[in-house]
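If you want the building blocks of each chain, they are given just below.
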Amino acid sequence: MVTEELVRNMLSEVLDPEIQIDIVNLGMVYKIDVEDGGKRIHVTMTLTTMGCPLYDEIKEEIVERLTSLEGVEDVEVTLTFDPPWDKEMMSDEAKLVFKYLF
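Under an unreviewed UniProt entry, the name given to the chain is Metal-sulfur cluster assembly factor, and the source organism is Alicyclobacillus fastidiosus.

Draft legend 1. Looking closely at the overall build of the chain. Along the chain, the regular secondary structure elements total three helices and three strands. Start at the N end of the chain and walk to the C end: the helices and strands fall as α-β-β-α-β-α. Against the 2.2 N^0.38 benchmark of 13 Å for 102 residues, the chain shows a C-alpha radius of gyration of 13 Å, consistent with a compact globule. Residues classed as buried in the chain amount to 38% of the 102 residues present. In the chain, 63% of the contacts between residues at least 6 apart in sequence involve partners at least 24 apart. Entry remark: accessible area of the chain is about 6200 Å², with carbon and sulfur atoms responsible for 49%. Put simply, the chain has 9 plus and 23 minus side-chain charges, and the middle of one group is 4 Å from the middle of the other.

Draft legend 2. Main features of the UniProt feature "domain: MIP18 family-like" (unreviewed entry) in the chain. Cross-referencing UniProt, the feature "domain: MIP18 family-like" (unreviewed entry) maps to residues 5-78 in the present numbering. Annotated as 27% helix and 24% strand, the span residues 5-78 places its first and last C-alpha atoms 19 Å apart.

Draft legend 3. Structural context of the packing of helix α1 (residues 4-11) against helix α2 (residues 55-67). Two elements in contact, α1 and α2, have axes whose closest approach is 10 Å; the angle formed by their N-to-C orientations is 130 degrees. By the angle between their axes, α1 is oblique relative to α2. The crossing of α1 and α2 is right-handed. Every residue of α2 that contacts α1 at Val7, Met10 and Leu11 is listed here: Ile62, Arg65 and Leu66. Here the residues of the contact of α1 with α2 are counted per class, giving five nonpolar, no polar and one charged.

Draft legend 4. Quick look at the nonpolar core. Ranked by size, the top nonpolar core spans 30 residues in total, and within it Leu11, Met45, Ile62 and Leu66 carry the most contacts. Of all elements in the fold, only α1, β1 (29-35), β2 (40-45), α2, β3 (74-79) and α3 (92-101) reach the threshold of two or more residues within this core. No other element matches the four residues that α2 contributes to this core. Look past the residues within four positions of Leu11 in its chain and what remains in contact with it is Asp22, Ile23, Val24, Val29, Ile32, Val43, Ile62 and Leu66.

Rules of the game
Residues numbered from 1 in each chain as written. Predicted model: local features only at pLDDT ≥ 70, side-chain atom pairs only at ≥ 80, totals over all residues. Heavy atoms only, no water. Helix = DSSP H or I, 4+ residues; strand = E, 2+ residues; numbered from the N terminus. Rg over C-alpha atoms; globule rule 2.2 N^0.38 Å. Buried < 20%, exposed > 50% of the residue type's maximum accessible area, 1.4 Å probe, protein only. Contact = heavy atoms within 4.5 Å. Areas by Shrake-Rupley, 256 points an atom, 1.4 Å probe, with all protein chains shown as cover. Lys, Arg positive; Asp, Glu negative; His and termini not counted. Charge placed at Lys NZ, Arg CZ, Asp CG, Glu CD. UniProt positions renumbered as here; feature names shortened; annotations may be inferred. Axes fitted to C-alpha atoms, helices over the stretch in contact; angles between N-to-C directions. Parallel < 35°, antiparallel > 145°, perpendicular 65-115°, else oblique. Left-handed = near helix turned anticlockwise from the far one by under 90°. Nonpolar A, V, L, I, M, F, W, Y, C, P; charged D, E, K, R; others polar. Core = buried A, V, L, I, M, F, W, Y, C linked by side-chain atoms within 4.5 Å.

Below is the structure:
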């Protein structure tokens, strides 16, 4: 059965292509809705910068990974900048990696 936890685990394998840290630990995933017994998944997310040219690539990977789950028929990804992303949204692990990268 598809659960929010399973979806979050799958999303933790999606890396931001520029900094190679996953979108969950970066704090880019704001909300996950699993509907219709797992047939439909809606992900609300943000980007580290407005106008990031890599959004389509990230979105494609999200859809690809989540539709690979048994029973998932539809994945919708909504982009929001409310609230805007901030470094404080990152997990402690991501902050440590980020500190050494930049």
